[in-house]
Amino acid sequence: MDSQRSAPVGRPRSFDPDEALEKAMRVFWQNGYEGASLPDLTEAMGISRTSMYAVFGNKEELFRQALARYADGPASYGAEAVAEPTARGVATVFLHGAVRSATLPGYPTGCLSLRASLIGGEDGQGIRELLGAWRDETSAMLTNRLRRAVDEGDLPAETDSALLARYLMTIGNGVAVQAAGGAGRADLQVIVDAVLQSWPPVLSTDR
């Protein structure tokens with residue numbers, strides 16, 4: 001009887017793909033898409049370029065996965081906000097979430113999406129479209145929830161729900177820009193609290 005065993009095909013992975021993706025997300029968050037070089041990514045992930053391609057695909061595909069992780073993690077406040085029972089709750093959770101996400105201890109400041117949007121070359125067209133679609137999805141999600149608030153009488157009937165959604169997103173983006181520029185969480189919290197004091201703003205369909 002032949003007692004020899006077949007050698008295993010390939011080598012077992014010596015790294016945790018989930019941990020590697022987390023590290024890649026932080027590199028993209030810190031440096032943007034164009035600014036994150038393959039050496040930067042593979043060094044942070046602790047893997048070779050060959051392993052990166054085998055597990056995650058090329059740089060663009062890696063970014064897509066990193067953005068999905070970001071959306072489900074630090075940027076999950078958008079989905080959490082629309083689950084609130086009132087429009088004020090939506091605004092509160094969204095804006096507080098923007099502050100929290102932009103100032104997470106141990107993470108880059110600001111917003112991964114905004115940093116990654118600073119792409120100048122044609123090679124970044126796919127990423128620009130991806131980020132644009134992601135922001136549009138968030139805006140549509142907020143718009144639909146605020147429209148429901150109008151229908152339920154929670155917001156004035158003349159409220160332009162799409163404009164109000166863009167208003168919230170603009171404030172959130174401003175928070176991210178300020179955080180990236182060095183503003184601290186406490187200062188940013190004061191800003192969003194001031195915004196919420198005048199909720200809802202007068203944003204009507206009669207313009």
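Residues numbered from 1 in each chain as written. Predicted model: local features only at pLDDT ≥ 70, side-chain atom pairs only at ≥ 80, totals over all residues. Heavy atoms only, no water.

The chain is annotated in an unreviewed UniProt entry as TetR family transcriptional regulator of Lentzea cavernae.

### Observations regarding the overall build of the chain
What the chain contains, in helices and strands, is 10 helices and 0 strands. Listed by position from the N terminus, the elements making up the chain come as α-α-α-α-α-α-α-α-α-α. By the compact-globule yardstick of 17 Å for 207 residues, the chain is too spread out, its C-alpha radius of gyration being 21 Å. Counting only C-alpha atoms and orienting by the principal axes, one finds that the chain spans roughly 85 × 40 × 35 Å. Evaluated residue by residue, the chain yields a buried proportion of 42% over its 207 residues. Within the chain, contacts between residues separated by at least 24 positions form 68% of all contacts whose residues are at least 6 apart in sequence. Carbon together with sulfur atoms contributes 51% to the accessible area of the chain, which is approximately 11200 Å² in total. (Helix = DSSP H or I, 4+ residues; strand = E, 2+ residues; numbered from the N terminus. Rg over C-alpha atoms; globule rule 2.2 N^0.38 Å. Buried < 20%, exposed > 50% of the residue type's maximum accessible area, 1.4 Å probe, protein only. Contact = heavy atoms within 4.5 Å. Areas by Shrake-Rupley, 256 points an atom, 1.4 Å probe, with all protein chains shown as cover.)

### Section: the UniProt feature "DNA-binding region" (unreviewed entry) in the chain
According to UniProt, the positions carrying the feature "DNA-binding region" (unreviewed entry) are residues 37–56. The span residues 37–56 is 80% helical and 0% strand by assignment, and the distance between its end C-alpha atoms comes to 15 Å. (UniProt positions renumbered as here; feature names shortened; annotations may be inferred.)

### So, the layout of surface pockets
Roughly 390 Å³ of internal volume is contained in the largest pocket. Along the wall of the largest pocket there are 24 residues; nearest its centre are A75, Y77, F94, W134 and T138. By residue number, the principal contributor to the lining of the largest pocket is helix α8 (residues 125–151), which donates 5 residues. Classifying every residue of the lining of the largest pocket gives 14 nonpolar, 7 polar and 3 charged. (1 Å grid on protein atoms, 1.4 Å probe; cavity = no way out; pocket = protein on both sides within 12 Å on 5 of 7 lines; lining within 4 Å. Points joined across faces, edges and corners; volume = space filled by probe spheres on them. Nonpolar A, V, L, I, M, F, W, Y, C, P; charged D, E, K, R; others polar.)

### Regarding the pattern of salt bridges
Counted under the stated rule, the structure contains 7 salt bridges. Among the salt bridges present, the one from E80 reaches R100, with a minimum N-O distance of 3.9 Å. Here R100 lies in helix α6 (residues 87–102) and E80 lies in helix α5 (residues 77–82), a separation of 20 residues in the sequence. E80 sits in the partly exposed class, given a relative accessible area of 39%. A relative accessible area of 37% places R100 in the partly exposed class. The network of salt bridges with shared partners includes D18, E22, R26 and R69. (Salt bridge = Lys/Arg side-chain N within 4 Å of Asp/Glu carboxyl O.)

### Describing the UniProt feature "domain: HTH tetR-type" (unreviewed entry) in the chain
Under the UniProt annotation, "domain: HTH tetR-type" (unreviewed entry) lies at residues 14–74. Strand forms 0% of residues 14–74 and helix 80%; the C-alpha atoms that close the span are 27 Å apart.

### Details of helix α10 (residues 185–197)
Counted at 1.5 Å a residue, the expected span for α10 with its 13 residues is 18 Å, and the 18 Å between its end C-alpha atoms agrees. Looking at α10, one finds that the buried residues are L188, V192, V195 and L196. One face of α10 carries all of its buried residues, which in axial projection span an arc of 95 degrees. Away from its buried face, by an angle of more than 90 degrees, α10 presents the exposed residues A186, D187, V190 and Q197. (Expected span 1.5 Å × (residues − 1). Arc of directions from axis to C-beta.)

### Examining the packing of helix α1 (residues 17–35) against helix α4 (residues 59–72)
Packing of α1 against α4 leaves a shortest axis separation of 9 Å and a crossing angle of 100 degrees. The angle between α1 and α4 places the two elements in the roughly perpendicular class. Contact with α1, carried on its side by D18, L21, E22, A24, M25, F28, W29, Y33 and E34, involves K59, E60, L62, F63, Q65, A66, R69 and Y70 of α4 and no other residues of that element. By residue class, the composition of the contact of α1 with α4 is 10 nonpolar, 1 polar and 6 charged. (Axes fitted to C-alpha atoms, helices over the stretch in contact; angles between N-to-C directions. Parallel < 35°, antiparallel > 145°, perpendicular 65-115°, else oblique.)

### Thoughts on unusual backbone geometry
Residue W199 is joined to P200 through a cis peptide bond whose omega torsion reads -5 degrees. Note that P200 resides in the segment after α10.

### Regarding the environment of S101
Tracing the backbone shows S101 in helix α6. Measuring from C-alpha to C-alpha, the distance between S101 and R166 comes to 19 Å, with 65 residues separating the pair along the chain. Every residue in contact with S101, bar those within four places of it in the chain, is listed here: W29, Y70, P74, A75, Y77 and G110. Polar contacts involving the side chain of S101 include one to the main-chain carbonyl oxygen of P74, which spans 3.2 Å. (Polar contact = N/O pair within 3.5 Å; in protein donor to acceptor, adjacent residues only side chain to side chain.)

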